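Each chain, letter by letter, is given below.
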Amino acid sequence: KIIGSKFQTKLIISFLILSWVRIADVISIPYLSSISKKYLFSRVTGSLVVVSTSLSVLFLLAIYYGSDYWTKLALGYDSVQRKIIIDGMLALMPYILLIIPFHVLKASYRSRMKSFKVNVADLILMLTTIIVITLFYTNTSVLYYALSLGMLLAFIYIFYNAYKENMVNFDIDLSLLA
């Protein structure tokens, strides 16, 4: 019963967040591909990262402060089972915070036909998740912590490289996104 509850609640939340990830990909790549000036590209990418991070913070706050509501969407579970779901959601907070900006940065690389860094970032995410799960397989919440750690390391990698290559400039001008 607990597994079904976790699945139902996380499926609803995942659908909301991953649909925004897909929207970020669909909107970002064609728009960024059409920008030829490097400085303008880095400003637009920086603006997209800020907007996507703001959206992620809103999701994070909605999940954190609405966790009791989200757990009630999976009907038929008592307070102990809902507490287990909330703990899983809290472990996924770094993942939720970084997934949309991570995909915006990946989209900026793909729009410039630089998929090697995207592949390395995805590899970091997958390997970290697999290694942590393998090392701590007896912990029931290991998947959540492994995904969060993997996302954090992959985000740091891709953000560092994008910043180093001047693909991201935080001279923010939101009118560039219009």
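Just above, that's the structure.
Residues numbered from 1 in each chain as written. Predicted model: local features only at pLDDT ≥ 70, side-chain atom pairs only at ≥ 80, totals over all residues. Heavy atoms only, no water.

**Looking at the packing of aromatic side chains**
Stated formally: Each Phe, Tyr or Trp ring, with Trp reduced to its six-membered ring, pairs with another whose centre is within 6.5 Å; inter-plane angles below 30 degrees give stacked pairs, above 60 give edge-to-face pairs, and intermediate values give tilted ones. Secondary structure follows DSSP: runs of H or I at least 4 residues long count as helices, runs of E at least 2 residues long count as strands, and numbering of each begins at the N terminus. To sort residues, take the accessible area from a 1.4 Å probe on protein chains only and compare it with the maximum for the residue type: under 20% means buried, over 50% means exposed, and anything in between is partly exposed.
Taken as a whole and judged by the stated rule, the model has 2 aromatic pairs. On the basis of an interplanar angle of 15° and a centroid distance of 5.7 Å, the ring pair of Phe155 and Phe159 is categorised as stacked. Highlighted residues: Phe155 and Phe159, both in helix α7 (residues 142-164), separated by 4 residues, approximately one helical turn. In this structure Phe155 comes out as buried when scored by relative accessible area, which is 13%. Here Phe159 and Tyr163 contribute two aromatic rings whose centre-to-centre distance is 6.2 Å and whose plane-to-plane angle is 15°, an arrangement assigned as stacked. Residue Phe159 and its partner Tyr163 are both found in helix α7; the two are separated by 4 residues, about one turn of the helix.

**Points about the pattern of salt bridges**
Rules: The working definition used for a salt bridge is a side-chain nitrogen of Lys or Arg within 4 Å of a carboxyl oxygen of Asp or Glu.
Under the counting rule described, the total for this entry stands at 3 salt bridges. The closest approach of N and O atoms between Asp122 and Lys106, which form a salt bridge, is 2.8 Å. Placement of the pair is Asp122 in helix α6 (residues 115-135) and Lys106 in helix α5 (residues 93-111), with a sequence separation of 16 residues. Residue class for Lys106 comes out buried when judged on its relative accessible area of 6%. Notably, a salt bridge pairs Lys117 with Glu165, separated by 2.3 Å at the nearest N-O pair. Of this pair, Lys117 sits in helix α6 while Glu165 sits in the segment after α7; the two residues are 48 residues apart in sequence, bridging distant segments of the chain. Judged by relative accessible area, Glu165 falls into the buried class, the value being 19%. Among the ionic contacts, a cluster of salt bridges with common partners joins Lys114, Lys117 and Glu165.

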